[in-house]
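Tertiary structure, described
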Amino acid sequence: LEGSLEPAAGEGSGWLACLSELEQLVLYGNRFTGMVPRSLGSLRKLKLLMLDRNGFTGIVPAPVFMLPQVQDLLLFSNDLRGFGTTDWRAMRSLRNVML
């Protein structure tokens, strides 16, 4: 798979916001580009987030760090330059982080 996960301008919050019951998002090893979508922050039941080995750029948006049930966060092997927050306290269930 390739392209952006962000919706095009004027298309609202995109398809990710519709997946409110999603517990695992595994998109590693593709050719996704652009920013990590802010809309990931709406996936409140997410436990596993694997976006590693893609071409994401920029900063990881703050809403990603507000996911209370995420246990595993894998973002390595992208072109990310930082985080939209330094406050990870909301991620109470976090066990594994690979940046």
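Our structure's up above, just so we're on the same page.
Fair warning: this is a prediction, and the values are worked out from it, not measured in the lab.

Each helix and strand in the protein chain was counted, giving zero helices and eight strands. Secondary structure of the protein chain in N-to-C order comes out as β-β-β-β-β-β-β-β. Considered along the principal axes of its C-alpha atoms, the protein chain spans approximately 30 × 25 × 20 Å. Burial status across the protein chain gives 38% buried among its 99 residues. Sequence-distant contacts, at least 24 apart, represent 49% of the contacts inside the protein chain between residues at least 6 apart.

This paragraph deals with the pattern of salt bridges. Where charged atoms from two side chains of opposite charge approach closely, those side chains can pair. Within the structure shown, the criterion is met by five salt bridges. The salt bridge partner of R53 is D52, with a shortest N-O separation of 2.9 Å.

A word on unusual backbone geometry. Residues other than glycine seldom take positive phi values, yet R53 does so here, at roughly 60°. The topology assignment puts R53 in the loop between strand 4 (48–50) and strand 5 (55–60). When its relative accessible area of 40% is taken as the criterion, R53 is described as partly exposed. Its identity as a non-glycine residue notwithstanding, S77 has a phi of 60°, on the positive side. For S77, the position within the fold is in the loop between strand 6 (72–74) and strand 7 (79–83). A relative accessible area of 46% means that S77 is categorised as partly exposed.

Next up on the list: the packing of aromatic side chains. Throughout the structure, instances matching the rule amount to four aromatic pairs. A ring pair is formed by F83 and W88, whose centres lie 5.6 Å apart and whose planes are at 80°; its orientation type is edge-to-face. Taking relative accessible area as the criterion, F83 reaches 38% and is therefore assigned partly exposed. On the accessibility criterion, W88 (24% relative accessible area) is partly exposed. Members of the aromatic cluster, each reached through a chain of ring pairs, are F65, F83 and W88.

About the thresholds
Counting of residues starts from 1 at the beginning of each chain's written sequence and follows it residue by residue. Only residues with pLDDT of at least 70 are given local features in this predicted model, and only at 80 or more are side-chain atom pairs given and counted; all residues enter the totals for whole chains, interfaces and linings. To get the side-chain values, take all heavy atoms of the structure and skip hydrogens and water. Strands are runs of DSSP state E lasting at least 2 residues, helices are runs of H or I lasting at least 4, and numbering of each runs from the N terminus. Think of it in three bands: residues with accessible area under 20% of the maximum for their type are buried, residues over 50% are exposed, and the middle band is partly exposed, with areas taken using a 1.4 Å probe on protein chains only. By definition in these notes, contact holds between two residues if any of their heavy atoms fall within 4.5 Å. A pairing counts as a salt bridge when a side-chain nitrogen of Lys or Arg comes within 4 Å of a carboxyl oxygen of Asp or Glu. Side-chain rings of Phe, Tyr and Trp (the six-membered ring for Trp) are treated as a pair once their centres are within 6.5 Å; stacked means planes under 30 degrees apart, edge-to-face means over 60, and tilted covers the remaining angles.

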